[in-house]
Amino acid sequence: MDKFKIPGFGRNVGHTNTPPDMSNVDQRPRHLLVANCPNNTLALANVASVSPNDFPDNIYVIIDNLFVYTTKHSNEVAPGTVGLNGNQRSWGGWSLNQEVQARAFDLFKYSGKRAYLGTLDIEISFRSRGKAVTTPFDQDELAAQFAKNFESQIFSATQYLVMEFKGHFFDLRIRNLQAIDLGDIEMSNEVQTRIEAKGILTKQTQINFFKGRDGLVNLTSTNSMRPRSDAVIRSDFKFEDLGVGGLDKEFTKIFRRAFASRIFPPAVIEKLGITHVKGLLLYGPPGTGKTLIARKIGKMLNAKEPKIVNGPEILSKYVGSSEENIRNLFKDAEAEYKAKGDDSSLHIIIFDELDSVFKQRGSRGDGTGVGDNVVNQLLAKMDGVDQLNNILVIGMTNRKDLIDSALLRPGRFEVQVEIHLPDEPGRLQIFEIQTKKMRENKMMDSDVDLAELAKLTKNFSGAEIEGLVKSASSFAINKTVNIGKGATKLNQKDIAKLKVTRSDFMNALREVTPAFGINEEDLKMCMEGGIIRYSDRVNAIIKNGERYVRQVRESEKSRLVSLLLHGPPGSGKTALSASIALKSEFPFIRMISPGELSGMSENAKIAYIDSTFRDAYKSPLNILVIDSIETLVDWVPIGPRFSNNILQVLKVALMTKPPEGRRLLIMTTTSTYSVLKQMDILSCFDNEIAIPNLTSLDEFNNVLMDTKFLQDEDRVKVVNELSRVTPNFNIGIKKTLTNIETARHDDDPVNEIIELMTQA
């Protein structure tokens, strides 16, 4: 064992001038019975009282291979027993007369060089709540007393002990520790919180006291660099313990803005002249984990139990009750802040569905003014005349744009964190969390590759991934169930072999689809016959569109590119736009089509367009196809007539750049170019792409060949006849394909296609 002298060690009960030399001590285990500690002096010394017949005096012993104490001889302890006080027995979970195993313990063999305590964090509570006092206790004096009482003893994380200080008795719990090597004074990077972590207390150990669970001990310190005695973040907290995947960056921002100042020494914050953040707003698409984050934040805090409020619960039909509900949420925090000031505990209030209650004032139009009063009340409580510094209000919303702007300024919900859809590494984290039990219990087949699933679930939110795992499990469970005409039966043998396989997840992927992102069915419906490259002009249009896709993806300056695809009706504008969009493989691809807005009121159409554009700002790469823009604005040739409100909304949306880090390609189609010119909307587009009809029989012949409609001889006959009767060929691809499909089902397809194309 390494030996060195530490100046100042005494020979009082419970500590020695050097750690005991264990090299010549018999380390064979012995079985002892647990007895009560013989007297108060030994109880306060945190030692194991033993008979001289069992162990030498002043050595380390480990009980049940976990709990380490220094021995102290006592003639009041019978041979074959070990005297332990109530706190020691609680820590070990022992009852009186219970048999335990004890043996001499060499910490240096157990821990290596890092056997000494660099820091020791201790929670302190009054031993009896009835004897609690408001007298302030200086942390430096407490630390000096603790070091004097227990110097050179071994301490473990989670350990319980009792200490007397100035006539008061306290229960102590070791929250965590950091071990060091005194040779190089290098402190371990990791805070040790498990019971296996152990170290020897020295005079150089930094001892920090924190309020215990009762929060009754009034701790003060003249040392401005000491951490807060009621530190809001648990020192053993780790992000991965929350079970929330894919949100590491968001949690880092939340910690930096909302909590970092609360774990700093108060004197430092006072010198900076700042106050703590009072409001945190989490916003983003549904299912991304906003409510889950808020719920889990309570687990990482040493704070009062959070008050969780669903927004609509605040409102009441009785006059003044809604405002009173808001005041009641802050009542406890106000009372404690008046009594204790900055030493008050943190009070957390969580509002779910914030937008349902705290809408922009004046926007409700209900005539009651209740909504406005509720907003005013919250504004006053968060940052009014009587300012509180011990509250944190966390709000969640899917529609940040609806919330009253006064709530979003600094002093209120000043920290606003967007919770995005998870990227591929984030989705992998979520899959690992959601399938953890399945994997631990060997209920997941070896052919399941979570990385593959993360790749296949583009645009899935965390909630949708959870739903996917449940769906896959249901497919696996279904294999063990026989559903017949009679009673449903379970195959017991199959239950024992139950595993969730890759095929179960593939089936689940067909059943569970993401609500956000690519609406493939609508886009594919626009190009059911595929894209027929009947001429070089079509190739050039597709190549041109793909170039704009690359520009949006790669250019640092082009966050927004807006294109107008114009041409005669049926020329293939929508199909080409859908093809370019799907080929881009952007995370978000959506179409606004007249069919979706049919039958809606003007206000409903505006809300739908606005919502779709807002969705198109949430993903890093987005494509929005606006089909038949003249129909969307309700244009009709009789009059003419159109909706100016919808037109103005589209004008603004076409020119509004997405937020930083987001890119958007808009492809708009129209069959009435001249009408758009009269509406003065052409200036909103960065570029235009003309989509022509089929203008030659060679192009028509290529379409016939691509569709494999006729044999070569009949095809030549059709082309020759059309060249005779239609010298000016000009027909849209949509009409051409419709005529081919009609003629395909005629008794005389050759003459039928000639007649149909001639009429067209």
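Residues numbered from 1 in each chain as written. Predicted model: local features only at pLDDT ≥ 70, side-chain atom pairs only at ≥ 80, totals over all residues. Heavy atoms only, no water.

Caption draft 1: Examining the overall build of the chain more closely. The helix and strand inventory of the chain stands at 27 helices and 27 strands. Taking all 760 residues of the chain together, the buried fraction comes to 50%. Residue pairs at least 24 apart in sequence account for 77% of intrachain contacts in the chain once pairs closer than 6 positions are excluded. With the model as given, the accessible surface of the chain reaches about 36,800 Å², and the carbon-plus-sulfur share is 49%. (Helix = DSSP H or I, 4+ residues; strand = E, 2+ residues; numbered from the N terminus. Buried < 20%, exposed > 50% of the residue type's maximum accessible area, 1.4 Å probe, protein only. Contact = heavy atoms within 4.5 Å. Areas by Shrake-Rupley, 256 points an atom, 1.4 Å probe, with all protein chains shown as cover.)

Caption draft 2: Representation of the nonpolar core. Formed by 46 residues in total, the largest nonpolar core has its most connected members in L563, I623, L665, M667, F700, V718 and I753. In terms of residue count, helix 17 (residues 536–554) provides more of this core than any other element does, 6 residues in total. Two domains each donate at least three residues to this core, and these are domain 5 (520–690) and domain 6 (697–759). Once residues within four sequence positions are removed from consideration, I623 is found in contact with V549, A581, S584, F586, F588, I589, R590, L664, L665 and M667. Among the nonpolar cores identified, the runner-up in size contains 31 residues, and I606, L632, A653 and L682 belong to it. (Core = buried A, V, L, I, M, F, W, Y, C linked by side-chain atoms within 4.5 Å. Domains from an automatic or database assignment.)

Caption draft 3: Geometry of helix 26 (residues 733–744). Across its 12 residues, helix 26 extends 16 Å between first and last C-alpha, which sits within 8% of the 16 Å expected from 1.5 Å per residue. By the burial criterion, the buried members of helix 26 are I733, T736, N739, I740 and A743. Along the axis of helix 26, the buried residues cluster in a sector spanning 125°; they form a single face. Buried positions along helix 26 lie against helix 24 (697–707) and helix 27 (749–759). (Expected span 1.5 Å × (residues − 1). Arc of directions from axis to C-beta.)

Caption draft 4: Representation of the packing of aromatic side chains. What the rule picks out here adds up to 14 aromatic pairs. Considering the side-chain rings of F67 and W94, the 5.0 Å spacing of their centres and the 80° angle between planes classify their relative orientation as edge-to-face. Within this pair, whereas F67 is found in strand 4 (residues 67–73), its partner W94 is found in the loop between helix 2 (86–92) and strand 6 (99–104), the two being separated by 27 residues in sequence. Exposure class is identical for F67 and W94. Each is buried. With a centroid separation of 5.6 Å and 40° between ring planes, the pair formed by F700 and F729 is classed as tilted. Of this pair, F700 sits in helix 24 while F729 sits in the loop between helix 25 (712–725) and helix 26, placing them 29 residues apart in sequence. In this structure F700 comes out as buried when scored by relative accessible area, which is 0%. An aromatic cluster is defined as three or more aromatic residues linked by ring pairs; in this entry it consists of F67, Y69, W91 and W94. Over the face of the ring belonging to F55 we find R30, whose NZ or CZ atom lies 4.8 Å from the ring centre. The ring of Y548 has R547 lying over it, and the distance from NZ or CZ to the ring centre is 4.9 Å. (Phe/Tyr/Trp six-rings, centres within 6.5 Å; stacked < 30°, edge-to-face > 60°. Lys NZ or Arg CZ within 6 Å of the ring centre and 35° of its normal.)

Caption draft 5: View of the pattern of salt bridges. Enumeration over the complete set of coordinates arrives at 22 salt bridges. Taking the shortest distance from any N to any O, the salt bridge between R175 and E123 comes out at 3.2 Å. Residue R175 is found in strand 11 (residues 168–181), and its partner E123 is found in strand 7 (residues 116–126); the two are separated by 52 residues along the sequence. For the residue pair R175 and E123, the accessibility class agrees, reading buried in each case. Each member of the salt-bridge network shares a partner with another, and the members are R399, D401, D610 and R614. (Salt bridge = Lys/Arg side-chain N within 4 Å of Asp/Glu carboxyl O.)

Caption draft 6: Layout of the environment of K442. Of note, K442 is situated in the loop between helix 11 (436–440) and helix 12 (450–456). Along the backbone, K442 and L498 are 56 residues apart, and their C-alpha atoms lie at a distance of 9.5 Å.

Caption draft 7: Structural view of the pairing of strand 18 (residues 347–352). Of all 6 residues in strand 18, 6 are buried; the element is thus mostly enclosed. Judged by which residues are buried, strand 18 turns out to be covered on both faces: H347, I349 and F351 on one side and I348, I350 and D352 on the other are all buried. As judged from the 4 bridges shared by strand 17 (residues 307–310) and strand 18, these two strands associate in the parallel manner. Looking at the pairing, K307 lines up with I349 of strand 18. (Pairing = 2+ DSSP bridges.)

Caption draft 8: Expanded view of the side chain of Q159. Position of Q159 among the secondary structure elements: in the loop between strand 9 (154–156) and strand 10 (160–165). In this view, Q159 contacts N46, Y69, W91, I154, L172, R173 and I174; residues no more than four positions away in its chain are not counted.

Caption draft 9: Highlighting the sheet that holds strand 2 (residues 48–50). The 6 strands lie next to each other as 1-5-2-4-3-6, forming a closed barrel whose pairing is mixed. Across this sheet, the average inter-strand angle for adjacent strands is 45°, counted without regard to direction. Relative to strand 5 (residues 81–84), strand 2 runs antiparallel, the two being bridged by 2 bridges. Residue pairing in the sheet places S49 in a bridge with G83 of strand 5. (Axes fitted to C-alpha atoms, helices over the stretch in contact; angles between N-to-C directions.)

Caption draft 10: The arrangement of the packing of helix 26 against helix 27 in detail. Remark: helix 26 packs on helix 27, axes separated minimally by 9 Å, with the N-to-C direction vectors making an angle of 150°. Overall, the two elements helix 26 and helix 27 adopt an arrangement that is roughly antiparallel. With respect to the hand of their crossing, helix 26 and helix 27 are arranged in right-handed fashion. Across from T736, N739, I740, T742 and A743 in helix 26, the residues of helix 27 making contact are P749, E752, I753, L756 and M757. Along the lines of polarity and charge, the residues of the contact of helix 26 with helix 27 split into 6 nonpolar, 3 polar and 1 charged. (Parallel < 35°, antiparallel > 145°, perpendicular 65-115°, else oblique. Left-handed = near helix turned anticlockwise from the far one by under 90°. Nonpolar A, V, L, I, M, F, W, Y, C, P; charged D, E, K, R; others polar.)

Caption draft 11: View of the packing of helix 13 (residues 462–478) against helix 15 (residues 502–511). Helix 15 packs onto helix 13 with a crossing angle of 125° between their chain directions and a minimal axis gap of 8 Å. By the criterion of interaxial angle, the relationship of helix 13 to helix 15 is oblique. The handedness of the crossing between helix 13 and helix 15 comes out as right-handed. Residues L468, V469, S471, A472, F475 and A476 of helix 13 form the contact with helix 15, whose participating residues are D504, F505, N507, A508, L509 and E511. Broken down by class, the residue content of the contact of helix 13 with helix 15 amounts to 8 nonpolar, 2 polar and 2 charged.

Caption draft 12: View of the side chain of K651. Structurally, K651 can be placed in helix 22 (residues 644–655). For K651, which is buried and forms no salt bridge, the nearest opposite charge comes from D680, at a distance of 4.2 Å. (Lys, Arg positive; Asp, Glu negative; His and termini not counted.)

Caption draft 13: Representation of the confidence of the model for the chain. For the chain, the average pLDDT comes to 83, and 88% of its residues sit at 70 or higher. Mean pLDDT per element in the chain: strand 12 (residues 186–187) is the minimum at 48, and strand 5 is the maximum at 95. Within the model, pLDDT remains below 50 along residues 1–17, and this stretch shows 50 contacts once partners closer than five positions in the same chain are excluded. (pLDDT = per-residue confidence, 0-100.)

Caption draft 14: Representation of the pairing of strand 23 (residues 560–566). Taken across its 7 residues, strand 23 has 7 buried, putting it largely inside the fold. The side-chain alternation of strand 23 yields two buried faces, one formed by L560, S562, L564 and H566 and the other by V561, L563 and L565. Bridge count between strand 23 and strand 27 (residues 687–690): 4 bridges; the pairing is parallel. Looking at the pairing, L565 lines up with I689 of strand 27.

Caption draft 15: A positive patch on the surface, seen in detail. Taken together, K543, R547, R550 and R553 make up a surface patch of like positive charges. Among the secondary structure elements, R547 is positioned in helix 17. (Patch = residues over 30% accessible without salt bridge, like charges linked within 9 Å, V, L, I, M, F, W, Y side chains within 5 Å. Charge placed at Lys NZ, Arg CZ, Asp CG, Glu CD.)

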